[in-house]
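Analysis of the macromolecular model
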Amino acid sequence: MEEKIQSTQAIFDGRIVHLKVHDVLLPNGQSSQREIIYHQGAAGIVALDDDNNILLVRQYRLAARQISLEIPAGLLEPDEDPQATASRELQEETGYRPLEITPLGGLYVAPGYTTEYIYLFLAKGYTYDPLPLDADEFVETVNMPIIDALQRIETGEIFEAKTIVALLRVARLLGI
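Residues numbered from 1 in each chain as written. Predicted model: local features only at pLDDT ≥ 70, side-chain atom pairs only at ≥ 80, totals over all residues. Heavy atoms only, no water.

Re the overall build of the protein
Along the backbone of the protein there are three helices and twelve strands. Within the protein, the fraction of its 176 residues that count as buried is 41%. Sequence separation of 24 or more characterises 57% of the internal contacts of the protein that already satisfy a separation of 6 or more. Element-wise, carbon and sulfur atoms account for 51% of the exposed surface of the protein, whose accessible area totals about 10,100 Å². With 14 positive and 27 negative side-chain charges, the protein shows a separation of 4 Å between the mean positions of the two kinds. (Helix = DSSP H or I, 4+ residues; strand = E, 2+ residues; numbered from the N terminus. Buried < 20%, exposed > 50% of the residue type's maximum accessible area, 1.4 Å probe, protein only. Contact = heavy atoms within 4.5 Å. Areas by Shrake-Rupley, 256 points an atom, 1.4 Å probe, with all protein chains shown as cover. Lys, Arg positive; Asp, Glu negative; His and termini not counted. Charge placed at Lys NZ, Arg CZ, Asp CG, Glu CD.)

Next up, the structure:
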């Protein structure tokens, strides 16, 4: 079932994504094209306190043309450990440093057209230790019971994939 790349054309090289068009040989011997967005990857973190409250961030997402309620997350820096990325993003976006971090696995955002992979983590406990936000970030921290966040998934208020997957994985760990 593997497809073999015959040739590649670079279409766009941006700061975050790179678009390439591949001519591929299909398993049946036919040819086709695949448009692939290459992405450096990201990490996200669910920050959970002893009372099962979580920290989320509210921010405007231009692609969705609306405000999104999400777990703190951000791009991997070159050669950066995903757990370090998640910890840094929690500090930048909420002002809190995680005390204990557990991996939750990860996910490919849309493997049909992008290489983007997001590593997910759970922070059990956190302490105030802020880092400055990136210059182009405008976020608002939201603290809520995880039960409320799960309800917001059901109503569609939380609609972003990494957040849904991460919250459902944490809910399963908590037996909710």
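Regarding the layout of surface pockets
Reported here for the largest pocket is a volume of approximately 1,100 Å³. Every residue lining the largest pocket is counted, 35 residues in all, and those nearest its centre are Ile16, Gln59, Arg61, Gly74 and Leu75. Among the residues making up the lining of the largest pocket, the classes are represented as 17 nonpolar, five polar and 13 charged. (1 Å grid on protein atoms, 1.4 Å probe; cavity = no way out; pocket = protein on both sides within 12 Å on 5 of 7 lines; lining within 4 Å. Points joined across faces, edges and corners; volume = space filled by probe spheres on them. Nonpolar A, V, L, I, M, F, W, Y, C, P; charged D, E, K, R; others polar.)

Here we look at a nonpolar patch on the surface
Together, Tyr60, Leu62 and Ile67 give the surface a local cluster of nonpolar side chains, amounting to about 340 Å² of exposed area. Along the chain, Tyr60 turns up in strand β5 (residues 53–61). Tyr60 sits in the partly exposed class, given a relative accessible area of 48%. (Patch = residues over 30% accessible without salt bridge, like charges linked within 9 Å, V, L, I, M, F, W, Y side chains within 5 Å. Salt bridge = Lys/Arg side-chain N within 4 Å of Asp/Glu carboxyl O.)

Describing the pattern of salt bridges
Applying the stated criterion across every chain, the model contains ten salt bridges. Residues Lys162 and Glu70 are paired through a salt bridge, measuring 2.9 Å at the closest nitrogen-oxygen approach. Remark: Glu70 occurs in strand β6 (residues 66–70) and Lys162 occurs in helix α3 (residues 161–174); sequence separation between them is 92 residues. Neither residue differs from the other here; Lys162 and Glu70 are each classed as buried. One continuous salt-bridge network, built from bridges that share partners, spans Arg61, Glu70, Glu160 and Lys162.

Considering α3
One turn of the α-helix equals 3.6 residues, which is why residues spaced by three or four share an orientation. The end-to-end C-alpha distance of α3, which contains 14 residues, comes to 20 Å, matching closely the 20 Å that a straight helix rising 1.5 Å per residue would cover. Taken as a whole, α3 has its buried residues at Lys162, Thr163, Ala166, Leu167, Val170 and Ala171. Down the axis of α3, the buried side of the element spans an arc of 160 degrees, and every buried residue falls inside it. Downstream of α3 by a residue or two, Gly175 has a phi angle that is positive, lying close to 75 degrees. (Expected span 1.5 Å × (residues − 1). Arc of directions from axis to C-beta.)

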